[in-house]
Amino acid sequence: MANPADDRLVQKLEDKLADAEDVKEQMMQFYQIRRSHEESLKSVVSDLIKKGILENVPPHFHYLSLGTSTGAIELFFIRLGAILMICQIFLVILQVLA
């Protein structure tokens, strides 16, 4: 999440490849790797809860917060796009008035 632009680029690439027939097998492998990472993450979070480092709540409460940051990145780019569109409209109006 250090670079929202890179994260967004990866999200868009994944969206485009999700239904592509020519990379279907590779995407299945990708999703399998992702699921295994989720299980590893659950194990790590559970260990941190047992050690008292993280709050004693179900492990998914901690790692699902990553979804919140992904949503925040999406919102960032939606708002950025709206701001850019408003600026373009403003420039057109200035050109018409000039």
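Residues numbered from 1 in each chain as written. Predicted model: local features only at pLDDT ≥ 70, side-chain atom pairs only at ≥ 80, totals over all residues. Heavy atoms only, no water.

A. Region of the structure containing the overall build of the chain. What the chain contains, in helices and strands, is four helices and zero strands. From first element to last, N terminus to C terminus, the chain shows the α and β order α-α-α-α. For the chain, contacts bridging at least 24 residues in sequence account for 34% of all contacts bridging at least 6. Carbon and sulfur atoms form 64% of the exposed surface of the chain, whose accessible area is close to 8,200 Å². (Helix = DSSP H or I, 4+ residues; strand = E, 2+ residues; numbered from the N terminus. Contact = heavy atoms within 4.5 Å. Areas by Shrake-Rupley, 256 points an atom, 1.4 Å probe, with all protein chains shown as cover.)

B. Fine view of a nonpolar patch on the surface. Where nonpolar side chains cluster on the molecular surface, the patch consists of Met85, Ile89, Ile93 and Leu97 and spans about 420 Å² of accessible area. Along the polypeptide, Ile89 turns up in helix α4 (residues 65-97). Exposure remark for Ile89: the relative accessible area of 46% places this residue in the partly exposed category. (Patch = residues over 30% accessible without salt bridge, like charges linked within 9 Å, V, L, I, M, F, W, Y side chains within 5 Å. Salt bridge = Lys/Arg side-chain N within 4 Å of Asp/Glu carboxyl O. Buried < 20%, exposed > 50% of the residue type's maximum accessible area, 1.4 Å probe, protein only.)

C. The arrangement of helix α2 (residues 24-50) in detail. In this model, α2 (27 residues) spans 39 Å end to end at C-alpha, consistent with the 39 Å of a helix rising 1.5 Å per residue. Every buried residue of α2 is accounted for by Met27, Val45 and Ile49. In this fold, the buried residues of α2 make contact with α1 (4-17) and α3 (59-63). Remark: Gly52 follows α2 within two positions and exhibits a positive phi of approximately 80°. (Expected span 1.5 Å × (residues − 1).)

D. Looking closely at the confidence of the model for the chain. In this model, the chain carries a mean pLDDT of 79, and residues with pLDDT of at least 70 account for 85%. Within the chain, α2 carries the highest mean pLDDT (86), whereas α4 carries the lowest (71). (pLDDT = per-residue confidence, 0-100.)

E. Inspection of α1 at higher detail. The end-to-end C-alpha separation of α1 is 20 Å, in line with the 20 Å expected for 14 residues at 1.5 Å each. Among all positions of α1, only Asp7, Arg8, Gln11 and Glu14 are buried. Seen end-on, α1 carries its buried residues on one side only, within an arc spanning 125°. Away from its buried face by more than 90 degrees, α1 exposes Leu9 and Lys16. (Arc of directions from axis to C-beta.)

F. Spotlight on the pattern of salt bridges. Tallying each qualifying case throughout the model produces two salt bridges. Its salt-bridge partner being Glu14, residue Arg34 comes within 2.8 Å of it at the nearest N-O pair. Taken together, the residues span a long stretch of sequence, with Arg34 in helix α2 and Glu14 in helix α1 at a distance of 20 residues. The class for Glu14 is buried, based on a relative accessible area of 17%. A salt bridge links Glu21 to Lys24; its shortest N-O distance comes to 4.0 Å. Looking at Lys24, the relative accessible area reads 47%, which means it is partly exposed.

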